[in-house]
Amino acid sequence: MDERAIISHIIESTDIQPRPVIIGPGDDLGMIVSNGMKLLAGVDQVIEGRHVRIGEDPEKIGYKAMARSLSDVAAMAARPLGSLATAAIPASWDQDRTIRLCDALRETAHRFEAPLFGGDIAVLAADQEHLVVTVTVLAEPPSSGRMVITRRGALDGDGIYMTGRL
């Protein structure tokens, strides 16, 4: 399966009206406007065996899941407002390991001023053995009248910055 082809199809087939959607699929975050207020939102997931090693420490998984979404906020020069997280927990995980994951999500969100204010948790069936964590972030555009930085706004000579270990 070609993820890029699927994303391209979604972008090309999305009918974006001028309002309330200002930035649609294809950028780090989407943006809507309501009553003059601009709100940015994005979602990312971490799947055990795909984005993290099977058996990885729950603290590392929680950090990575939250940091992926917050990195998108930083990429657009926005300020995080809050976050939501969901976790589909394998039945093989015990309560301690699950709590460590949840604590890592919450602590990472707090550290970057994106309080974790909701979400959902479910325990998978016995034959579904890989953890899936999804994080949604809400953010506001930069202050001082600056615009968000979109992928379309990139110019030759612009800096490229990375966060975390490569």
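My aim in this report is to walk through the structure given alongside it, one point at a time.

Calculation criteria
- Residues numbered from 1 in each chain as written.
- Predicted model: local features only at pLDDT ≥ 70, side-chain atom pairs only at ≥ 80, totals over all residues.
- Heavy atoms only, no water.
- Pairing = 2+ DSSP bridges.
- Helix = DSSP H or I, 4+ residues; strand = E, 2+ residues; numbered from the N terminus.
- Core = buried A, V, L, I, M, F, W, Y, C linked by side-chain atoms within 4.5 Å.
- Buried < 20%, exposed > 50% of the residue type's maximum accessible area, 1.4 Å probe, protein only.
- Contact = heavy atoms within 4.5 Å.
- Salt bridge = Lys/Arg side-chain N within 4 Å of Asp/Glu carboxyl O.

1. Structural notes on the pairing of strand β3 (residues 37-47)
Then step 1. The sheet contact formed by strand β2 (residues 30-34) and β3 spans five bridges and is antiparallel. Bridge assignment links Met 31 to a residue of β3, and that residue is Leu 40.
Then step 2. Between β2 and β3, which pair antiparallel in sequence order, lie two residues; one of them, Asn 35, sits at a positive phi of approximately 50°.
Then step 3. Looking at chain direction, β3 and strand β6 (residues 132-140) are connected through eight bridges and run antiparallel. The residue of β6 that forms the bridge with Gly 42 is Val 137.

2. A short note on the nonpolar core
Then step 1. Ile 61, Leu 101, Leu 105, Val 133 and Val 135 are the most contacted members of the largest nonpolar core, which has 25 residues in total.
Then step 2. Every element with two or more residues in this core is listed here: β3, α2 (58-75), β4 (79-89), α3 (95-111) and β6.
Then step 3. Counting residues per element, this core draws most heavily on α2, at five residues.
Then step 4. With residues up to four places along the chain from it excluded, the contact list for Val 135 reads Gly 42, Val 43, Asp 44, Ala 65, Met 66, Ser 69, Ser 83, Leu 84, Ala 85 and Leu 105.

3. Things to note about the pattern of salt bridges
Then step 1. Counted under the stated rule, the structure contains eight salt bridges.
Then step 2. A salt bridge links Glu 59 to Arg 100, with the nearest nitrogen and oxygen atoms 2.7 Å apart. In this pair, Glu 59 is assigned in helix α2 and Arg 100 in helix α3, connecting sequence segments 41 residues apart.
Then step 3. According to the relative accessible area criterion, Glu 59 is partly exposed, its value standing at 36%.
Then step 4. The salt bridge involving Arg 106 is made with Glu 107; its shortest N-O contact spans 3.8 Å.
Then step 5. The class of Glu 107 is partly exposed, set by a relative accessible area of 47%.
Then step 6. One network of salt bridges, with partners in common, ties together Arg 53, Glu 56 and Lys 60.

Function cannot be inferred from these measures alone, as they are strictly geometric.
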